[in-house]
Amino acid sequence: SSGINAEYGGSQLPNPWSYAELARSMAAEGITCTHVDQVGDALVTASEIQRQGKTTVIEIMVTKELGDPFRRAAMRLPFRHLPKFRNTIQTSESETGQPTDL
C-alpha cells in the first residue's frame, strides 16, 4: 500500500485570496459557491460560459469536515515511510476525528 487514498482530493492551502476573483482579474469567469446547494447551478452556468469559449473557475468554499460520500478512511492519519519525513508523522486527531494540520 502506498498510503495514498484516491477517495479524497483537494487542498488545505491557507490563502487570503479568492480564486474566483483571481480568474476574473485574468479575463476568465469566476463563480464562488459558499453552500452545497449552489454547486449544481454553478456547474450549469460554467458549462454555458465554457460553450461560449470563456474559461470558468468554480471556487467551492468547504470545511475540513468530510460528509457523504467521503469516508473516514479517506482521511486517516498518514504514515511517512521515508526516514527523512518521519518527523512529520501526525500522532493525534481533532475532537471530530478528522486529521489535524501540521
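Residues numbered from 1 in each chain as written. Predicted model: local features only at pLDDT ≥ 70, side-chain atom pairs only at ≥ 80, totals over all residues. Heavy atoms only, no water.

A. Region of interest: the overall build of the chain. Across its full length, the chain carries 2 helices and 2 strands. When the elements of the chain are put in sequence order from the N terminus, they spell out α-β-α-β. Taking contacts inside the chain between residues at least 6 apart in sequence as the whole, the part at least 24 apart equals 49%. (Helix = DSSP H or I, 4+ residues; strand = E, 2+ residues; numbered from the N terminus. Contact = heavy atoms within 4.5 Å.)

B. Spotlight on the pairing of strand β1 (residues 29–33). Relative to strand β2 (residues 56–60), β1 is paired through 5 bridges, and the arrangement is parallel. Bridge pairing links Cys 33 to Ile 60 in β2. For the segment spanning β1, helix α2 (residues 39–51) and β2, crossover handedness is right-handed. (Pairing = 2+ DSSP bridges. Right-handed = clockwise from strand over helix to strand, strands pointing away.)

C. Examining α2 more closely. Taking 1.5 Å of rise per residue, the 13 residues of α2 would be expected to cover 18 Å, and the 18 Å separating its terminal C-alpha atoms lies within 8% of that figure. Listing the buried residues of α2 in full gives Ala 42, Ala 46 and Ile 49. Relative to the axis of α2, the buried residues are bounded by an arc of 60 degrees and lie together on one face. Exposed positions of α2 whose direction lies more than 90 degrees from the buried face are Asp 41 and Arg 51. (Expected span 1.5 Å × (residues − 1). Buried < 20%, exposed > 50% of the residue type's maximum accessible area, 1.4 Å probe, protein only. Arc of directions from axis to C-beta.)

D. Just a nonpolar patch on the surface, in detail. On the surface, Trp 17, Tyr 19, Leu 22 and Met 26 cluster together to form a nonpolar patch covering roughly 430 Å² of accessible area. Along the chain, the position of Leu 22 falls in helix α1 (residues 19–25). The class of Leu 22 is partly exposed, set by a relative accessible area of 41%. (Patch = residues over 30% accessible without salt bridge, like charges linked within 9 Å, V, L, I, M, F, W, Y side chains within 5 Å. Areas by Shrake-Rupley, 256 points an atom, 1.4 Å probe, with all protein chains shown as cover. Salt bridge = Lys/Arg side-chain N within 4 Å of Asp/Glu carboxyl O.)

E. View of unusual backbone geometry. Residue Ala 27 is not a glycine yet carries a positive backbone phi of 70 degrees. Turning to its location among the elements, Ala 27 is positioned in the loop between α1 and β1. On the basis of relative accessibility, which here comes to 62%, the residue Ala 27 falls in the exposed class.

F. Spotlight on the confidence of the model for the chain. Here the chain averages 76 in pLDDT, and 63% of its residues register 70 or above. Of all secondary-structure elements in the chain, the lowest mean pLDDT belongs to α1, at 93, while β1 reaches the highest, 96. Within the model, the stretch residues 1–8 combines pLDDT values under 50 with 11 contacts to residues more than four positions away or in other chains. (pLDDT = per-residue confidence, 0-100.)

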